Amino acid sequence: MLASGNRWARDGRKPLKVELILIWTQWLLNPPEPPGLLRAFKETVSPFGNKLQSLNRQSRPKRVVSVLQEVFPIVSWCQDYKAKKFKNDLLAGLTLASLCIPQSIGYATLAKLAPQYGLYTSVVPPLIYAVMGTSREIAIGPVAVISLLLSSMVQKLEDPVANPIAYTNLVLTATFFAGMFQAAFGLFRSGFLVDFLSHAAIVGFMAGAAIVIGLQQLKGLLGISHFTNKTDVMSVMEAVWKSLYHHHWNPHDCILGCSFLIFILTTRFLGKRNRKLFWLPAIAPLISVVLSTVIVIITKADKHGVKTVKHIKGGLNPSSVHQLQFNSPHVGEVAKIGLIVAIVALTEAVAVGRSFASSKGYHLDGNKEMVAMGFMNLVGSFTSCYVATGSFSRSAVNFSAGCETAVSNIVMAITVFISLEFFTKLLYYTPVAILASIILSALPGLIDFSEAYRIWKVDKLDFLACMGAFLGVVFGSAEIGLLVAVTLSFVKIILISIQPGIDILGRLPGTDMFCDVNQYPMAIKPPGILIVRIKSSLLCFANANFVRERIVKRISNKEDEDTKEKDGRTIQLVLLDMSNLMEIDTSGIASLEELQKHLDSKGIKLAIANPRWRVIHKLRLVNFVGKIAGRVFLTAGEAMLADQK
């Protein structure tokens, strides 16, 4: 319409264009009532939204099916499930189990729990997720970062060596709280809370956690008897140095562990070189466990100081309801640990799920994922499981093995259960050094140098948050790293919010487009008119005075940051382009009124262009439109034409 209007103006029918501008202005000034705060809150946070209304319009049988499909996504896709898909899922699930079994035992030891808890966590949570989750490729179970978080925080409340039963009880209680928070986030559509951990913070945190986990595994790899409970790099290196200096380590453990670490890393290299050998790095940890156990049995290496796993309790997951400590004096601290772990676990799982969903071309429902993760950890806390989430390394194996649906998780869980029932006695002589080498082999995937470099190139403040998380974890603790990352991310948001700045706009030659004159030097500033665009979506108490002062200084030519040109032209009209501005509060309105009074005192008119729905509604309520004599336009081009009238 604007292009047509300009053509009419060139044809000598300018009055018609002016009439159109008046009509458009009336449309702008008389919109419907914008949705209130309560309605917007309900649309954002309501657990059900408009789904109840659509259900009421359906017949009872269809309503039951719809509810089941909503709560249990497996009901939707199992209707088209065929034998060919099951064949692929079976292969993927068995491949997954071969990697999962040794990793789960290793991650349980990292969490300072008995080895069977890692296997328990690979049985119940994957079964529940397969029924309630929406990702086809994600592999559920214990992961290194969550194991580190739990051990580093819970051991401050109970010593896992001096009082292992009380420590285990607190870990299970933390798992309950983590599941509760995760389910609540999904039910009340509060997934935005997970976004407080930015992508840059997660990259730094994961890298720092990988370093700390790797250093922790030196205890098992070197056969060190006495080791520190602290996780910072200085304490760990001091403990390692003292053990080596005083010969409190076992070279047999070191040789055995390093040999199989080289073997696992070699298979991983071969798997990356030849994708047809994807199964080789997947089964390498299980082969390492079997071969090393046989070596220990044949050579009786345990008699020469090689540390072994020894007893692993077998059988189905026992009930742990009686172990949950809701009356413990530490329950407040445990709930805080549960919240931290819940957010980190969700962030990792959703990131993993979305990466594979995008490659397969289907949508991953974030809120359903949170509900599924929450319920699987709630039930897991009742069945001797600690916090489970999506593992990137195992999900990549699942994807490469050709999984079709979440049935691969079911196959994996059944395989782990069979191992628990019949084969745990065979793991008695498995060397602890092998578990350390398996964990160490998985750590390179947590350190993403290329992504850290990309963050540095794109956004220096994001890189600062990334490095803050990394250094906080490495030289402090996991919670310090998270706190530093979140704090720096908030500081970035505050800095951007309180000092948004302004753009001076000009018309691009031959067009009706108005752009920043700094970005487009060829843009022509209209004589006698200053067009200002506010670089913020919110004009509020935090930035309103800053924006007003920038505009006033620009008009007074006391500051010349936005352009080097000072031609001395008298400004007759200041036009505020509000296309970026989505919301305004009373402080923002007050600053606009002060700006209008200041301009009036200098004989300068004020106009606004393209105000958004909520903004124009509030400006009408306080009669600001009347104070500027109704100078409100859809576009800056219309304001130029009206000024020429």
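Residues numbered from 1 in each chain as written. Predicted model: local features only at pLDDT ≥ 70, side-chain atom pairs only at ≥ 80, totals over all residues. Heavy atoms only, no water.

Visitor: Looking at this structure, I do not really get the packing of aromatic side chains. What am I missing?
Guide: In this description, an aromatic ring pair is defined by two values, namely the gap between the centres and the angle between the planes. Enumeration according to the criterion identifies 11 aromatic pairs in this entry. One aromatic cluster is present, built from ring pairs that chain together Phe176, Phe177, Phe326 and Phe382. Over the ring of Trp456 we find Lys460, and its NZ or CZ is 4.6 Å from the ring centre. (Phe/Tyr/Trp six-rings, centres within 6.5 Å; stacked < 30°, edge-to-face > 60°. Lys NZ or Arg CZ within 6 Å of the ring centre and 35° of its normal.)

Visitor: I keep staring at the sheet that holds strand β5 (residues 529-534) and nothing clicks. Help me out?
Guide: Neighbouring strands of a sheet are bound in pairs by backbone hydrogen bonds; such pairs are parallel or else antiparallel. Taken together, 6 strands build an open sheet; the order of strands is β4-β3-β5-β7-β9-β10 and the sheet is mixed. Two strands in the sheet have a free side with no partner beyond their single neighbour: β4 (514-516) and β10 (632-633). By the bridge criterion, 2 bridges tie strand β9 (residues 605-609) to β10 in an arrangement that is parallel. Counted as the bridge partner of Ala609 is Phe633 from β10. (Pairing = 2+ DSSP bridges. Helix = DSSP H or I, 4+ residues; strand = E, 2+ residues; numbered from the N terminus.)

Visitor: Just checking my understanding: could you explain the pattern of salt bridges for this structure?
Guide: Proximity of charged atoms lets side chains of opposite charge pair with each other. As enumerated under the stated definition, the model contains 12 salt bridges in all. Asp459 is paired through a salt bridge with Lys492; the nearest N and O atoms lie 2.9 Å apart. Placement of Asp459 in the loop between α22 (449-458) and α23 (460-475) and of Lys492 in helix α24 (residues 478-498) is noted, with a sequence separation of 33 residues between them. Of the charged contacts, one joins Lys535 and Asp503 as a salt bridge, the two residues approaching to 3.7 Å between their closest N and O atoms. Of the two residues, Lys535 is situated in the loop between β5 and β6 (538-539) and Asp503 in strand β3 (residues 502-507); the sequence distance between them amounts to 32 residues. Using a relative accessible area of 42% as the deciding quantity, one classes Lys535 as partly exposed. Connected through salt bridges with shared partners, the residues Asp459, Asp462 and Lys492 form a single ionic network. (Salt bridge = Lys/Arg side-chain N within 4 Å of Asp/Glu carboxyl O. Buried < 20%, exposed > 50% of the residue type's maximum accessible area, 1.4 Å probe, protein only.)

Visitor: Got a minute to help me understand the packing of helix α9 (residues 124-132) against helix α18 (residues 366-382) in this structure?
Guide: Relative orientation and spacing of two packed helices are given, respectively, by the angle between their axes and the distance between those axes. Orientation of α9 relative to α18, taken along the N-to-C sense of each, is 150 degrees, at an axis distance of 9 Å. Put simply, α9 runs roughly antiparallel to α18. Considering how the two elements wind past one another, α9 and α18 form a crossing that is right-handed. In contact with Val124, Pro125, Ile128, Tyr129 and Met132 of α9, α18 contributes Lys368, Glu369, Val371, Ala372, Met373, Phe375, Met376 and Val379. A per-class count over the contact of α9 with α18 returns 11 nonpolar, no polar and 2 charged. (Axes fitted to C-alpha atoms, helices over the stretch in contact; angles between N-to-C directions. Parallel < 35°, antiparallel > 145°, perpendicular 65-115°, else oblique. Left-handed = near helix turned anticlockwise from the far one by under 90°. Contact = heavy atoms within 4.5 Å. Nonpolar A, V, L, I, M, F, W, Y, C, P; charged D, E, K, R; others polar.)

Visitor: Would you explain the side chain of Ser151 in this entry?
Guide: On the secondary structure map, Ser151 appears in helix α10 (residues 144-154). Classification of Ser151 by relative accessible area gives buried; the value is 2%. Within the structure, Ser151 has its side chain in polar contact with the backbone oxygen of Leu110 (distance 3.4 Å). At 3.0 Å, the side chain of Ser151 and the backbone oxygen of Leu148 are in polar contact. (Polar contact = N/O pair within 3.5 Å; in protein donor to acceptor, adjacent residues only side chain to side chain.)

Visitor: Just checking my understanding: could you explain the nonpolar core for this structure?
Guide: Among soluble globular proteins, nonpolar side chains are generally buried collectively. In terms of nonpolar packing, the biggest core is built from 112 residues, with Ile146, Leu149, Leu150 and Phe205 touching the most fellow members. Of the residues forming this core, the biggest block, 12 residues, is contributed by helix α17 (residues 331-360). In this structure, Leu149 is in contact with Phe205, Val341, Val344, Ala478 and Leu482, ignoring residues within four places of it in sequence. In this structure, Leu581, Leu599, Ile616 and Val625 belong to the second largest nonpolar core, which totals 37 residues. (Core = buried A, V, L, I, M, F, W, Y, C linked by side-chain atoms within 4.5 Å.)

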